[in-house]
Amino acid sequence: MNILGISAFFHDSAAALVRDGRLVAAAEEERFTRRKHDDAFPARAIGWCLEAGGIEPADLEAVVFYEKPLVKFGRLLETTLAFAPRGFRQFLAAMPPWLKTKLHLPRVIDRGLGGGYAGPILFTGHHESHAASAFYPSPFEEAAILTIDGVGEWSTAAWGTGQGNRLRLEAELRFPHSPGLLYSAFTHHCGFRVNSGEYKLMGLAPYGEPRFADTILREVVDLRPDGSFWLDQSFFGYGSGLRMTSRRFDRLFGGPARRPEAPLTDREMDLAASIQRVIEEIVLRMARHVQAETEMENLCLAGGVALNCVANGRLLREGPFERLWIQPAAGDAGGALGGPLAYWHGHLGNPRVADPQAGSFLGPAYDAAAIEAALRPFDAVAERFPDEAALVAAIAAELAAGRIVGHFHGRAEFGPRALGNRSILADPRRPGMQRRLNLAIKFRESFRPFAPAVLAGRQGSFFDLEAESPFMLLVAGVRGAAPVDGRGLDRVTRVGGPLPAVTHVDGSARVQTVAAGRGTRLHAILEAFDRLTGCPVLANTSFNIRGEPIVHDPADAYRCFMHTQIDSLVLGDLLLRRESQPPLAGAAKYRHSFPAD
Ligand SMILES: [Fe+2]
């Protein structure tokens, strides 16, 4: 039975194809359209999912949309009335897309499938989709489930339990009291973009002192012992207008929002540290409450706030649960796979399957012929190897020599993190590598460190982490690294320890553990790098520049390689060195073709 899942019209539109409970294909629309966080109807992702599954729209038994648009519309109407007349502006601004598409989804989906589909179109609740995406792909027979995000229909967080193929949500927190929107309000106030800059805010937090945390908890958030809370709406604007925060918020936190790209000051760093502290407290309290209610040992997480890997790391270290599993596509893209799984298991009662998401390598792959065809217009010069082992040894030698390698191989990752198949790799031990990667490759703010990928089983030697972290969603301390004292962003240049390119100023790292046989060559590369250097750790960052969606096809990869200072590119089974390539014009144009995120 083929079920198509769709998530769309908010941000990170995506499609997924689930066959008999197993994920056949899943992809975000942004990868195809090259518009980051694209929220359009995911026509191209859907087309590709069907192609990957070898089916036509007529072969689908069901299409599941990840939330209930009519309920969401009801929330918009109710909120507008509650905040009238201030909310009227938001209402007018939000109307056109609702009238054009969101209220007519069956017709939009029908049209998107070329009219060839006659089966049912079903709608799951937003947090039901998140919960299903957290529990069904997890390795747990039974687990507590916690979903936390900005807002779906009404829910902003929910908890429940999963047992076998059954999933039950027990309680929810409702709009406008939202952990995700609270974090996004500070993201906005610190001059980053809502729904994409939250990661930057988390990265900025270790530079600051949480001197506003008490103020937030005293004035803005009434946080209860069970993690639920009440937000004083006079500090916010998202309920009544198009602003995230109000003037009262500005007054409380020492001035108006930082303008995007303006220099970062101590105030933003302290605000980032403060809201990070508060969100961690919220997540920990919620988890403790859920554990007390369920008495379970395992916890599954999803929703955008589950991408806060610093909070996840604390939850693993301090929280009451023994084991965590976090959906890698924890944001709304993951709703595309949660919807079909909720329907297949929860509604139809089908049994679980082992590891349905595998390593989350669910996107497109390109064979040797497609790669050669893509390279031909560039007159690219590539080296071929007698076998896979020789290629892997050559990649490891490049990395050990301090060269930065773009690695494009196998199926693309589903979810915001590159896990090895669309990755830029580098030697994490080298001082200066963090700066070089940030400024010469990614063209982004230099304050953020990169993430380490480490051979699974060896993480305990380098990090304060025993659990596996296959999706790079846990932050842990780096052994032998100390926090850098002082203030200011230049502290990042003084990070010491054994792995400076992947160590944050507080001595922590966002760890990815890489096991064998999970759909990526990265495991073999780490083994070969370990043989050469004695270090089974590499820096792993997504293969893109600032504002660009992760590279999608071989031509994207080649352009990104040539227009940055990546030293070598691996495309499938080919190795391309920068110095062997003919010049390629258009670097500046390329860089400016992606809006700053
Ligand atoms: Fe969500």
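The structure we're discussing is the one just above.
All figures in this text were calculated on a predicted structure; none of them were measured in a lab.

Novice: Describe in detail the coordination of the iron ion, supporting the description with residues and values.
Specialist: In the first shell of the iron ion, the protein supplies H126 (NE2), H130 (NE2), D149 (OD) and D332 (OD), at 2.1 to 2.2 Å from the metal. Along the chain, the residues donating to the iron ion are arranged with the sequence spacing H-x3-H-x18-D-x182-D. Taken together, the residues H126 and H130, both in helix α6 (residues 126-135) and four residues apart, mark about one turn of the helix.

Novice: Please provide a residue-by-residue account of the packing of helix α15 (residues 388-400) against helix α18 (residues 522-533), values included.
Specialist: One can describe the packing of α15 onto α18 by two numbers: an axis separation of 8 Å at closest approach and a directional angle of 55°. When the interaxial angle is binned, α15 and α18 end up oblique. The hand of the α15/α18 crossing is right-handed. Contacts between α15 and α18 pair V392, I395, A396, A397, L399 and A400 from the former with A524, I525, A528, F529, L532 and T533 from the latter.

Novice: Let's hear about the nonpolar core: which residues, and what values?
Specialist: Grouped together as the largest cluster of nonpolar side chains are 162 residues, with contacts concentrated most on L182, F186, F236, L299, F463 and F543. No other element matches the 12 residues that helix α11 (residues 266-294) contributes to this core. If we skip the residues at most four places from it in the chain, L299 touches F140, A144, I145, L146, A287, L315, F321, R323, L324 and W325. V24, L50, V63 and V64 belong to the second largest nonpolar core, which has 31 residues in total.

Novice: Give me the lowdown on unusual backbone geometry, citing residues and values where you can.
Specialist: Following F175, the chain continues to P176 via a peptide bond in cis, the omega torsion being 5°. On the secondary structure map, P176 appears in the loop between β8 (166-174) and α7 (179-189). Positioned with a positive phi, D12 is a non-glycine residue whose angle comes to about 55°. Considering the arrangement of structural elements, one finds D12 in the loop between β1 (2-7) and β2 (14-19). Overall, the relative accessible area of 17% leaves D12 in the buried class. With a phi angle near 65°, R34 is a residue other than glycine that sits in the positive phi range. With respect to the secondary-structure elements, R34 resides in the loop between α1 (29-33) and α2 (43-52).

Novice: Talk me through the sheet that holds strand β19 (residues 537-542); I want residue IDs and the actual numbers.
Specialist: Read from one edge of the open sheet, nine strands run β13-β21-β20-β14-β15-β19-β16-β18-β17, paired in mixed fashion. Taken across any chain shown, the strands that pair with only one partner, and hence form the sheet edges, are β13 (383-384) and β17 (474-477). The pairing of strand β16 (residues 451-455) with β19 spans four bridges and is classified as antiparallel. When the bridges of β19 are listed, P452 appears paired with A539. In this fold helix α12 (residues 309-318) packs onto β17 and β18 (508-514), with an angle of close to 65° to the strand it touches most, β17. Packed onto the sheet, helix α16 (residues 433-442) meets β15 (422-426) and β19 and runs at close to 140° relative to β15.

Novice: Can you explain the layout of surface pockets? Please cite residues and give values.
Specialist: Of the pockets and cavities examined, the second largest pocket occupies roughly 570 Å³. Together, 28 residues line the second largest pocket, and W325, E468, S469, P470 and F471 are the ones closest to its centre. Those elements that provide at least two residues to the lining of the second largest pocket are β12 (323-326) and β18. Here the lining of the second largest pocket is built from residues that sort into 17 nonpolar, six polar and five charged.

The rules behind each value
Residues numbered from 1 in each chain as written. Predicted model: local features only at pLDDT ≥ 70, side-chain atom pairs only at ≥ 80, totals over all residues. Heavy atoms only, no water. Donors = N, O, S within 2.8 Å, 3.2 Å for Na, K, Ca; no water. Helix = DSSP H or I, 4+ residues; strand = E, 2+ residues; numbered from the N terminus. Axes fitted to C-alpha atoms, helices over the stretch in contact; angles between N-to-C directions. Parallel < 35°, antiparallel > 145°, perpendicular 65-115°, else oblique. Left-handed = near helix turned anticlockwise from the far one by under 90°. Contact = heavy atoms within 4.5 Å. Core = buried A, V, L, I, M, F, W, Y, C linked by side-chain atoms within 4.5 Å. Buried < 20%, exposed > 50% of the residue type's maximum accessible area, 1.4 Å probe, protein only. Pairing = 2+ DSSP bridges. 1 Å grid on protein atoms, 1.4 Å probe; cavity = no way out; pocket = protein on both sides within 12 Å on 5 of 7 lines; lining within 4 Å. Points joined across faces, edges and corners; volume = space filled by probe spheres on them. Nonpolar A, V, L, I, M, F, W, Y, C, P; charged D, E, K, R; others polar.

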